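Residue strings, one per chain:
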Amino acid sequence: MTILITGASGRTSGYVIEALLASSPTSDLRLLVRSEVAIQKLTAKYPGLKPANFAIGDLLEPSTIGPAVAGIDVIFHNGPSFIPNETAMGIALIEAAKAAGVKHFVFCSVLHPILTKLLNHKAKRDIEEYLIDLSATLQSSVISAAWNPKTWQGYLDLHDLAEVAAKVILDPAPHNLSRYELCGQNCTIEDVARELSAHIGKKIAIKNISSEEALAHFGQSGGYGVEAGDRMLYYYNKRGIPGNTNVLRWLLGREPTTWKALFQL
Ligand SMILES: NC(=O)c1ccc[n+]([C@@H]2O[C@H](COP(=O)([O-])OP(=O)(O)OC[C@H]3O[C@@H](n4cnc5c(N)ncnc54)[C@H](OP(=O)(O)O)[C@@H]3O)[C@@H](O)[C@H]2O)c1
């Protein structure tokens, strides 16, 4: 597995490089730096590193990013902060990763990127959004379907939500300042129909309905509700909205409830 580390001469990535060198072969690593001086500094600190472990590039100069990401499996991106182009740098790297067929993009963000009044947090929030948009379009694998039945959705059984809510409400202090993304299962409407068909022994068909029909079903007939609903359905239709199930698993202390488990209740 080949790994690219950005901000390699910086403080934070230094810790990551140290951890990687302790557990994976040096040949797996490529460190993105801006100068020969940085290469000398890093090879003096980590004598195991060879010239082949380095790529010289500038995240503000797209022509230098392509060669740096070529042949890479996993990128760990830790961009510089407090510069006006931080978001553009992140997006340029994500685009280069996509073009090069990089399999995983690990973005080292910041605590509470939604604090948009902090400019360096907002810059990272915008990179996260770009990455989520792109990851969702890359994922691919009859019930009324108001969006493409092949796009991935992150589903959460409301019993699981309630169990987590109760834990937090009844013992709030350990959860102070935390922010949890709760997702129990990623699947498509087609997957749900297939699971239900198998459970009841009868074919379930998927009936596509228009966003107007869906919004009428939700009791929305105009104004903000229709605008918000329309945007949501458009987004789900184009990209889906998958999430990661690890946080919910950890909070529950058990496997999250899946559609299959729900049908068997
Ligand atoms: N350190 C922390 O405690 C902490 C905490 C939370 C979040 N973070 C986040 O972690 C990130 C890195 O922080 P840090 O403290 O490790 O920063 P740092 O020590 O200042 O390192 C910044 C790195 O970015 C590189 N860089 C600057 N401009 C570049 C460009 N145009 N193209 C490519 N590389 C460029 C620098 O390379 P040169 O050496 O060539 O300048 C350096 O390696 C920041 O986004 C920060 O918000 C850090």
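Residues numbered from 1 in each chain as written. Predicted model: local features only at pLDDT ≥ 70, side-chain atom pairs only at ≥ 80, totals over all residues.

Undergrad: Can you lay out the overall build of the chain for me, pointing to particular residues and giving the numbers?
TA: Of the regular secondary structure elements, the chain holds 11 helices and nine strands. Expressed as lengths along the three principal axes of its C-alpha atoms, the size of the chain is roughly 65 × 40 × 40 Å. Here the chain holds 265 residues, and the buried ones make up 25% of them. (Helix = DSSP H or I, 4+ residues; strand = E, 2+ residues; numbered from the N terminus. Buried ≥ 20, exposed ≤ 12 C-beta atoms within 10 Å, placed from the backbone.)

Undergrad: Describe the environment of N148, and please don't skip the residues or the numbers.
TA: Positionally, N148 belongs in the loop between β6 (144-145) and β7 (153-155). For the pair N148 and D171, spaced 23 residues apart in the sequence, the C-alpha separation amounts to 40 Å.

Undergrad: Outline the domain arrangement of the chain, listing residues and values.
TA: Domains assigned within the chain are domain 1 (3-138) and domain 2 (144-263). Here the C-alpha centre of domain 2 lies 32 Å away from the C-alpha centre of domain 1. Domain 1 puts four residues into the contact, and the matching count from domain 2 is six residues. Of the residues in the side of domain 1 that touches domain 2, the class split is one nonpolar, two polar and one charged. (Domains from an automatic or database assignment. Contact = placed C-beta atoms within 7 Å. Nonpolar A, V, L, I, M, F, W, Y, C, P; charged D, E, K, R; others polar.)

Undergrad: Lay out the site of the ligand with the relevant residues and their values.
TA: Around the ligand, a shell composed of 20 residues is seen, among which G7, G10, T12, L59 and S81 lie nearest. Top element by residues in the shell around the ligand is helix α1 (residues 11-23). It accounts for three residues. For the shell around the ligand, the per-class residue count stands at seven nonpolar, 10 polar and three charged. (Near = placed C-beta within 6 Å.)

Undergrad: Outline the environment of L20, listing residues and values.
TA: Mapped onto the secondary structure, L20 falls in helix α1. Sequence spacing of L20 and G10 is 10 residues, and the spatial spacing of their C-alpha atoms is 15 Å. In this view, L20 contacts I3 and L29; residues no more than four positions away in its chain are not counted.

Undergrad: Requested: an account of the packing of helix α3 (residues 62-69) against helix α4 (residues 86-100), with residues and values cited.
TA: Helix-helix packing is described using two parameters, namely the angle between the two axes and the distance between the axes. Relative to each other, α3 and α4 sit at 45°, their axes nearing to 9 Å. Compared by their axis directions, α3 and α4 come out oblique. For the pair α3 and α4, the sense of crossing is right-handed. Judged by residue contacts, P62, I65, G66 and V69 of α3 engage A92, L93, A96, A97 and A100 from α4. In the contact of α3 with α4, the residues fall into eight nonpolar, one polar and no charged. (Axes fitted to C-alpha atoms, helices over the stretch in contact; angles between N-to-C directions. Parallel < 35°, antiparallel > 145°, perpendicular 65-115°, else oblique. Left-handed = near helix turned anticlockwise from the far one by under 90°.)

Undergrad: Hey, could you go over the sheet that holds strand β4 (residues 74-77) for me, with residue numbers and the actual values?
TA: Judged by pairing direction, the sheet is parallel, and its five strands sit side by side in the order β3-β2-β1-β4-β5 without closing on themselves. Edge strands, defined here as strands with exactly one partner in the open sheet, are β3 (54-56) and β5 (104-107). Neighbour-to-neighbour, the strand axes of the sheet open up by a mean angle of 20°, direction not taken into account. Across three bridges, strand β2 (residues 29-33) lies against β3 in parallel orientation. Bridge pairing in β3 places L31 opposite F54. Where α4 meets the sheet, its contacts fall on β4 and β5, and the angle it forms with β4 comes to roughly 180°. (Pairing = 2+ DSSP bridges.)

Undergrad: Now, about the pairing of β2: what can you tell me, with residues and values included?
TA: Of all five residues that make up β2, five are buried, and the element is covered over most of its length. Here β2 shows two buried faces, one formed by L29, L31 and V33 and the other by R30 and L32. Bridge count for strand β1 (residues 3-5) against β2 is three bridges, and the pairing is parallel. If you follow I3 over to β2, its bridge partner there is L29. Taken together, β1, α1 and β2 constitute a β-α-β crossover, and its handedness is right-handed. As a crossover connection, the stretch from β2 through helix α2 (residues 36-45) into β3 is right-handed. (Right-handed = clockwise from strand over helix to strand, strands pointing away.)

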